[in-house]
Amino acid sequence: MKKHLQHLSLMLLLVMLTSACQGGLPIIGGNSVVVPMYYGSEKEEWLVPLVEAFNAQKNKTEAGSTIVIEATPIGSIESGDKIVAEEIKPVVWSPASSAYVPVTNENWRRIHAEDLVVGTPNDLVLSPVVIAMWRPMAEALGWPDKTLGWSDIADMAVSEEGWAAFGYPEWGDFKLGHTHPNFSNSGIISVIAEAYAGAGKQRGLTLEDLAQDRVIEFMTAVESSIIHYGESTGFFANRMFDLGPSYLSAAVMYENLVAAQETKRLSGEASQLPVVAIYPKEGTFWSNHPYIILNAPWVTDEQREAAEMFEAFLLDKPQQLKAIEYGFRPADPTIPLGAPLDEQHGVDPLQPQTVLEVPDGEVVVAIQELWRSQAKKPVDLMVVVDVSGSMEGEKISSARASLVEFIELLDDRDRLEVILFSNQLTTLSELSALGEKRADVMRRVSGIIEGGDTRLYDAVQFAYDELRAKGDPDHIRAIVVLSDGADTASKLSLDQLMVQVGNLSEGGKSTKIFTIAFGRDASVDILKRIAESTGGRQYDGDTKTISDVYAAIATFF
Amino acid sequence: MPPTPRLNKLLLILYGLATLGVLIAALVSPEIRALAYAPLRDIIIPPPKPVVVHVLYSTEKAAWITEAVDRFQATRPRVVGRPIELVLEKSGSREMYLAVLDGTAEPDLISPASQLQIALLQDLSAARTDLFRTPVVNQNDIENCRPVLETPVVLVAWKNRADVLWGNDPNGRMWLRLHEAVTEQNWDSFGHPEWGYIKFGQTNPLKSNSGFQAMVLMTYNYFQKTDNLTNNDVLDPGFQEWYTEFGRNVAKFGDSTGTFMEEIVAYGPSQYDIVAVYEATAIEHIENAIARYGEEQGGLRIYYPPATSMSDHPFCVLNADWVAPEEAEAARLFLNFLTDKEMQELALTYGFRPVDTSIPLDSPGSPFLRYLDSGLELTLKPEVAVPPGNVLDTLLTFWQRAVRP
């Protein structure tokens, strides 16, 4: 009897196991399918918790693999270029807008003879591109009774009087910010909008339009009020909201960032002046966050299936409703717009009233080129490099190579001076336009050798004084300092240096210092203090990442 | 007298068999089966495999069909003792029949936006004898293939802008006036520079039926007729130049009417001023638009073209190797369910005109009554004649070659 019972239990167990396996229950640990997603960083706050929630659900594909979404934020223009170069291989690409997608598609087609983006992808969330401006400044310009646009920005930019013309001399010059058009969506959008406004058009912008003097003049006028460019719209917004009206009068960004800032201000989290979204009267563009499942050879059928499931999750009502909290307009048209998309948060849900037509790919590329070669505000740049003895070996060789790459990223109209420091301060190349001397400077940089102590503070002070004396106030003025250790030999103290360089009397137009703490022994805190006191930024770098750090700094100019 | 041990054993076996019999009967009978302890029940007798019906349908009827599917499933439908499971997938109308023809989709039941695609699929599949033994659909086989809903192509504009542009009546030259508006005028011409250029949108005629129907209507309007459209008309250089100019000024050719209309409401008046969509698609979003932008800016106005072109949403069971007899039977059951009065009345609430003509459009609760202020009309103008297949082909070829190369 006991034996029979044993048989029976065994059979029952087998039946249960078979039955369970047919039903696809995960008795034996299953595989997973990873879906890499690269997305425009503006929607990070909305997206990241949703990625976590979706992954926690352990959703499965039909074949039984657990879906894992791996989402990485990246500049929208940069990501398109990197996909074409196959430096990144996402399954899902969600840039901030569709504006640059035709260019990416065209570049991809040249290599692969088919489209990378097929059909019309669904939008995840929407937000119009706006000019964020401090409310008192907008009111001084006549807002909200008067509608403002790019032409008003151009007038302000070229005005000798700046805010004094509107009765506010204490606000100084008009200072504008937008991101770098080669890296970020709001940057390319800004220069396209400038080109349209310069041509007096709202649609059908052509290569012939771009050749007109008035277009170039208009773009150059707007760009003259730029304090610096930047890699990401989110960073720009934080910069404006952290440093206040003396740093930036206005910046091109997305409506959702204005609403989010006002939410913080109204809750007491931020103490700045109120900020409002200006919807340019000439028309604007939408940032529509398309969800693109790439038609690329590395995307498997199962990844596609998994990506579609995640898309359905993001477009489902609870997730769409959540988007409003972050100031986005849901792509789901059945959801009404509510707070913070209201007047109290500096936003008008009934705006914009019109849009600008997205130009053809070749026109967008031509605008980028026009901006770079003529309209862009040049930089007067001091590069200060630590060549003390501690830089020996791999450090000095990677510093040399990455600096050569950095110099390649600068434009002919940019002016460059290179200063080396150890016990001595050596000017490798005086401040002058790079176009004439690029090859020579690159050759000389390639021959840098190390030795001696570290006179960091003296070197920074020297560069700062040089720039004050020789720099053009109509250019962006910046210093990039690379150092791998603490100051050991300066005559100047850190406090004395800070008094000098931390002077922000020119607000956003003052000289910015970008510092690179190179290697483990660098004085990170000191370099950070120096950079942030000027509105610049401190970076950590080592022999492997130094090229990326220089490339990130280059987006500011 | 106590039973002998042998009798004891026999009784025990009989008792055991009887118990097992009752248990099995209970498990097999669906009503009693449902009461049984589920894990035990499914181990002993696995549930019958459902008959899965794959349905490809055009997006604009998504809201109605989703509810109809729920109601159908609630009736616990079965064929040959097996439950029916419906798997629905959205598709553009043209994309749908092309996918069937090239073998990338193997649905059991399809529902494009109009009979036009069914006619094309019937002819084109008849020509592909290498792939299909018989045409995969037959328009005359009404048991397997018939219209289920009707809705005409209309123009929809934001009401405040429509008032400025045409008021209540664009008159019989509607398509001609639209051409003039997008190619020669902008909102500045109407005293509203802040609205920019006049943005018209429709779907791509190669991808979606409403765009194709709009193109046919516009072509008829150019020649000021409602029937007898010929190849010579389509090839007329004057017409081609006129239409090409229009096409180049269209703000966007969307892929599918349903998702296009969603986009129109999601973006609001900045993106499109006036669009060609189906009446039902517009009705579905009238309240969404107001909820999003308020009565003043979010109101929609519907304009009826001088002659009507109807989208009639046929549902057709495919006559293909991949459709098993029980799947075809299940698909037919679903089709019959959709043309029952209850589902037809439901269709009316979603803004479709029922094919069951016993249901009046002005029934209580009908959106046709509710949205009369948006310009809805109960009686339609006469329909244009559907041009012959070769003329339609010429029109599409012209579009593909010249309008959006």
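Not measured: the values here are computed from a predicted model. (Residues numbered from 1 in each chain as written. Chains lettered and ligands numbered in written order. Predicted model: local features only at pLDDT ≥ 70, side-chain atom pairs only at ≥ 80, totals over all residues. Heavy atoms only, no water.)

## Remarks on helix α5 (residues 93-101) of chain B
- Restricting attention to buried positions, one finds in α5 of chain B the residues Ser93, Met96, Tyr97, Ala99, Val100 and Leu101 of chain B.
- With its phi angle positive at about 80 degrees, Gly103 of chain B sits one or two positions after the end of α5 of chain B. (Buried < 20%, exposed > 50% of the residue type's maximum accessible area, 1.4 Å probe, protein only. Helix = DSSP H or I, 4+ residues; strand = E, 2+ residues; numbered from the N terminus.)

## Remarks on the pairing of strand β1 (residues 32-40) of chain A
All names here are of chain A.
- Here β1 lies mainly inside the structure; seven of its nine residues are buried.
- Here nine bridges tie β1 to strand β2 (residues 66-74), and the two strands are oriented parallel to one another. The residue bridging Val33 from the neighbouring strand is Ile67, located in β2.
- You can see the chain leave β1, run along helix α2 (residues 44-56) and come back into β2, and the turn it takes is right-handed.
- For β1 and strand β3 (residues 92-94), the ladder comprises three bridges, and the chain directions are parallel. For Met37, the partnering residue across the bridge sits in β3 and is Val92. (Pairing = 2+ DSSP bridges. Right-handed = clockwise from strand over helix to strand, strands pointing away.)

## Describing the interface of chain B and chain A
- Opposite the 25 residues of chain B that make contact, chain A presents 28 residues.
- At the boundary of chain B with chain A, the tally comes to zero salt bridges.
- The interface formed by chain B and chain A includes 14 residue pairs in polar contact (both at pLDDT 80 or more).
- For the side of chain B that touches chain A, the secondary-structure elements that each account for two or more residues are α12 (257-267) and α13 (279-298) of chain B. (Contact = heavy atoms within 4.5 Å. Salt bridge = Lys/Arg side-chain N within 4 Å of Asp/Glu carboxyl O. Polar contact = N/O pair within 3.5 Å; in protein donor to acceptor, adjacent residues only side chain to side chain.)

## Quick word on the packing of aromatic side chains
- Inspection of every chain in the model, using the stated rule, returns 36 aromatic pairs over all chains.
- Seen in terms of ring centroids, Tyr229 of chain A and Trp371 of chain A are 5.1 Å apart; in terms of plane orientation they differ by 85 degrees. Their pairing is edge-to-face. Note that Tyr229 of chain A is positioned in the loop between α9 (213-223) and α10 (233-243) and Trp371 of chain A in helix α14 (residues 361-375), a separation of 142 residues in sequence. For the residue pair Tyr229 of chain A and Trp371 of chain A, the accessibility class agrees, reading buried in each case.
- Where Tyr243 of chain B meets Phe398 of chain B, the ring centres are 6.1 Å apart and the plane angle is 65 degrees; that geometry is what we call edge-to-face. Here the residue Tyr243 of chain B occupies a position in helix α11 (residues 237-248), and Phe398 of chain B occupies one in helix α17 (residues 389-403), the gap between them amounting to 155 residues.
- You can call Tyr243 of chain B buried: its relative accessible area is 0%.
- Among the aromatic residues, ring-to-ring pairing joins Phe200, Tyr222, Phe223, Phe239, Trp242, Tyr243, Phe246 and Phe398 of chain B into one connected group.
- Between Lys199 of chain B and the ring centre of Tyr197 of chain B, over which it is positioned, the NZ or CZ distance is 4.5 Å.
- Across from the ring centre of Phe223 of chain B, 5.8 Å away, lies the NZ or CZ of Lys225 of chain B, which sits over that ring. (Phe/Tyr/Trp six-rings, centres within 6.5 Å; stacked < 30°, edge-to-face > 60°. Lys NZ or Arg CZ within 6 Å of the ring centre and 35° of its normal.)

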